[in-house]
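# Observations on the model geometry
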Amino acid sequence: MKYDVVLWDVDGTLLDPLPAERSAVRKALSVLGLGDCSEEELDRYHTINWKWWTLAEEGKEKKDEIVWKRFEEFLETIGKDGAKAREMNGIYMESLGDGFQYNPGGFEILSLFKGRVKQYVVTNGYRRSQVNKIEKSGICGMVDGVFISEDIGYDKPRKEFFDAVLHAIGDPQRERVLLVGDSLLTDMPGGINAGIDTCLYDRTGRKFGSGLAIDYEIDDLVALSSIVGVKG
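Values in this document were obtained by computation on a predicted structure and should not be read as measured data.

## Focus: the side chain of R22
- Within the secondary structure, R22 sits in helix α1 (residues 17-31).
- The residues contacting R22, other than those within four sequence positions of it, are E39, L42 and D43.

## Describing the pairing of strand β2 (residues 118-123)
- Counting buried positions along β2 gives five out of six residues, so the element sits mostly inside the fold.
- Of the strand pairs in this sheet, strand β1 (residues 5-8) and β2 are connected by four bridges, and their pairing is parallel. For W8, the partnering residue across the bridge sits in β2 and is V121.
- When β2 meets strand β3 (residues 145-148), the two strands line up parallel, connected through four bridges. When the bridges of β3 are listed, V121 appears paired with V146.

## Here we look at the pattern of salt bridges
- For the structure on display, the rule yields 24 salt bridges.
- A salt bridge links R44 to E40, with the nearest nitrogen and oxygen atoms 3.9 Å apart. With a gap of four residues between them, R44 and E40 both fall in helix α2 (residues 39-57), about one helical turn apart.
- On the basis of relative accessibility, which here comes to 56%, the residue E40 falls in the exposed class.
- A salt bridge links R158 to E160, with the shortest nitrogen-to-oxygen separation between them at 3.0 Å.
- Judged by its relative accessible area of 32%, E160 is partly exposed.
- Several salt bridges converge on common partners, so that one network encompasses R22, R26, D36, E39 and D43.

What counts as what
Residues numbered from 1 in each chain as written. Predicted model: local features only at pLDDT ≥ 70, side-chain atom pairs only at ≥ 80, totals over all residues. Heavy atoms only, no water. Helix = DSSP H or I, 4+ residues; strand = E, 2+ residues; numbered from the N terminus. Contact = heavy atoms within 4.5 Å. Buried < 20%, exposed > 50% of the residue type's maximum accessible area, 1.4 Å probe, protein only. Pairing = 2+ DSSP bridges. Salt bridge = Lys/Arg side-chain N within 4 Å of Asp/Glu carboxyl O.

Don't take any of this as a statement about function, it's just geometry.
If you want it as structure tokens, here you go:
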């Protein structure tokens, strides 16, 4: 095998975050007595959410603030009470694991690698929501460990995040470690800075050719079988 260790991003890589996101928004609105929202309004939330997380990843906003600011903007945009933003975020975070959906090939490749390659989750998401979705999706039963930036004290793409992860798993040879993720802001630069090989996953292929020194670019997670060197 070419790699002994695979580091997995979760949202956008193993899991498609959109179904869980939409389900959690609807549940939070219902619990708060704010009614339902249209598909168009859910699309609007997705755009707002993406904007705020991008600002956090770029270091322009604090992560512990954007999680409620996104809902303040969303609620005000759809004509509801923005003062309920913090409460909505709490309900939303608790509900994120309820509507999980794997990206195509995600469950299959995790299952294939189990027991053959060491697998670890590396995520910037909040512990509260990430633990919920990782447990309910069954990811926790297929990986050898979970590393959340909130626990480590550094976010991806900081080299310190990856140094801490690699030290915790026994300081493997870095040329034998592969990071798989979908983000050109956090995953790929983080892996490159840490001196480990990187694989960009993008179902659309629109992120390919970014100019970053990425080792592999795939639109099908099953392709990792030949990259890692594990036969199906």
